[in-house]
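Here's the letter readout for the chains.
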Amino acid sequence: MSDPRITSSIFTRGAVDLGALRSTPQPTAASAPAARPAAPTAAPASPSGAVTVIDVTDADFRTEVLERSLTTPVILDFWAEWCQPCKQLSPVLERLAEEGGGSWILGKVDVDANPGLAQAFQIQSIPMVAAVVGGQPVQGFQGALPEAQVRQYIEAVLKAAGVQAPQHEDPRLAEADDAMMDGDLDAAEAAYKKILNESPADAAAESGLAQVSLFRRVQGVDPGATLSVAAGAPDDVKAQLLAADVEVLNGNAAEAYDRLIKLIRRVFGDERETVRRHLLSLFTVAGPDDPAVASARRALANALF
């Protein structure tokens, strides 16, 4: 996901007058807007005791958002009681804020009760989400997005703020992994593909999908016999590919990579491309951060060029 501070957003439609809000006098009791009802699902703190969700008003925006944002990113949820999509998005934001354990704060803004903030952030429709980092507005989005995209937005805001959020297991990945461990490759494949449709850059889902393909290729294969056949036919592409699959499953990924890189040096044309693609699929199984993959990629580049 791109840096939220430079992506086209609602803020590009005109200046957001946060300065005016900074200098706005605190309303007196007579002039203060009527208090809005608290969001029924808002959670004030995480189990650890860290504040995670707050109500934000025209009157306290300076202290609750601008000043907080100097140390902790604040993501604003603009909502209203009559807004049905808000009732879909708000619980997701609240749950993710609690999951964040105080690494960021969710500020809930009732646009009906707080017209000053609605005007400052140029709210044209709700639900609308924006953020404030270091006292400055950050890209927002409109509409009730899927949870996966909301997570991506939050991650981008935290990255822009230089904040490391707690790592939590994605329940979608856990479900897909469980299906694969149970041997239900069809269910696992469908689950990983669903994740990638929602989050195309999800490396864990890409790895999982590549593992499904690997398991399918080796079903019913005798590992010892496969390696023996490959040893006797060093230029047989099909035999070498299957042997590399067996080696990866046996925990010998580096040997598998070396086997295929050496084969690439000996074959040409379509066969070389077939071996290269197969090798890349094995890289995906391991994931981009595997040191053996980094080393093998350099060796592959040398073999090809």
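It should be noted that the structure appears before, not after, this text.
Residues numbered from 1 in each chain as written. Predicted model: local features only at pLDDT ≥ 70, side-chain atom pairs only at ≥ 80, totals over all residues. Heavy atoms only, no water.

**Quick notes on the packing of aromatic side chains**
Any pair of aromatic rings gets described here by the distance separating the centres and the angle formed by the planes. The full count for this structure, using the stated rule, is four aromatic pairs. Note on Phe 78 and Phe 121: the rings are 5.2 Å apart at their centroids and 50° apart in plane angle, and the pair reads as tilted. Of this pair, Phe 78 sits in strand 2 (residues 74–79) while Phe 121 sits in the loop between helix 4 (115–120) and strand 4 (128–133), and the two are 43 residues apart along the sequence. For the residue pair Phe 78 and Phe 121, the accessibility class agrees, reading buried in each case. Centroid distance Tyr 257 to Phe 283: 5.0 Å. Interplanar angle 80°. Geometry classified as edge-to-face. (Phe/Tyr/Trp six-rings, centres within 6.5 Å; stacked < 30°, edge-to-face > 60°. Helix = DSSP H or I, 4+ residues; strand = E, 2+ residues; numbered from the N terminus. Buried < 20%, exposed > 50% of the residue type's maximum accessible area, 1.4 Å probe, protein only.)

**Focus: the pairing of strand 5 (residues 136–142)**
Direction of pairing for strand 4 relative to strand 5: antiparallel, over a ladder of five bridges. For Val 132, the partnering residue across the bridge sits in strand 5 and is Pro 137. Adjacent in sequence and paired antiparallel, strand 4 and strand 5 are bridged by two residues, among which Gly 134 carries a positive phi angle near 60°. (Pairing = 2+ DSSP bridges.)

**Here we look at the state of the cysteines**
Simply put, disulfide is the name for a covalent bond between the sulfur atoms of two cysteines. If you walk through the whole model with that rule in mind, you get one disulfide. Covalently, Cys 83 is tied to Cys 86 through a disulfide, its sulfur atoms 2.3 Å apart. Across the disulfide from Cys 83 to Cys 86, rotation about the S-S bond amounts to roughly 85°, and the bridge is consequently right-handed. Residue classification places Cys 83 among the buried positions, given a relative accessible area of 3%. Look at Cys 86 and you get buried, because its relative accessible area is 2%. (Disulfide = S-S within 2.5 Å.)

**Some points on the sheet that holds strand 1 (residues 53–55)**
Read from one edge of the open sheet, five strands run 1-3-2-4-5, paired in mixed fashion. A strand with exactly one partner marks an edge of an open sheet, and here the two such strands are strand 1 and strand 5. Taking the axes of each pair of neighbouring strands and ignoring which way they run, one obtains an average angle of 25° across the sheet. In this sheet, strand 4 lies alongside strand 2 in antiparallel orientation, the contact comprising five bridges. Note that in strand 4 the partner of Val 74 across the bridge is Val 132. (Axes fitted to C-alpha atoms, helices over the stretch in contact; angles between N-to-C directions.)

**Overview of the pattern of salt bridges**
Taken as a whole and judged by the stated rule, the model has 18 salt bridges. Between Asp 186 and Arg 216 there is a salt bridge, and its shortest N-O distance comes to 2.5 Å. With Asp 186 in helix 7 (residues 185–198) and Arg 216 in helix 8 (residues 203–218), this pair connects stretches of sequence that are 30 residues apart. With a shortest N-O distance of 3.4 Å, Lys 193 and Glu 189 are connected by a salt bridge. Pair noted here: Lys 193 and Glu 189 are both in helix 7, with a separation of four residues, about one helical turn. Judged by its relative accessible area of 41%, Lys 193 falls in the partly exposed class. (Salt bridge = Lys/Arg side-chain N within 4 Å of Asp/Glu carboxyl O.)

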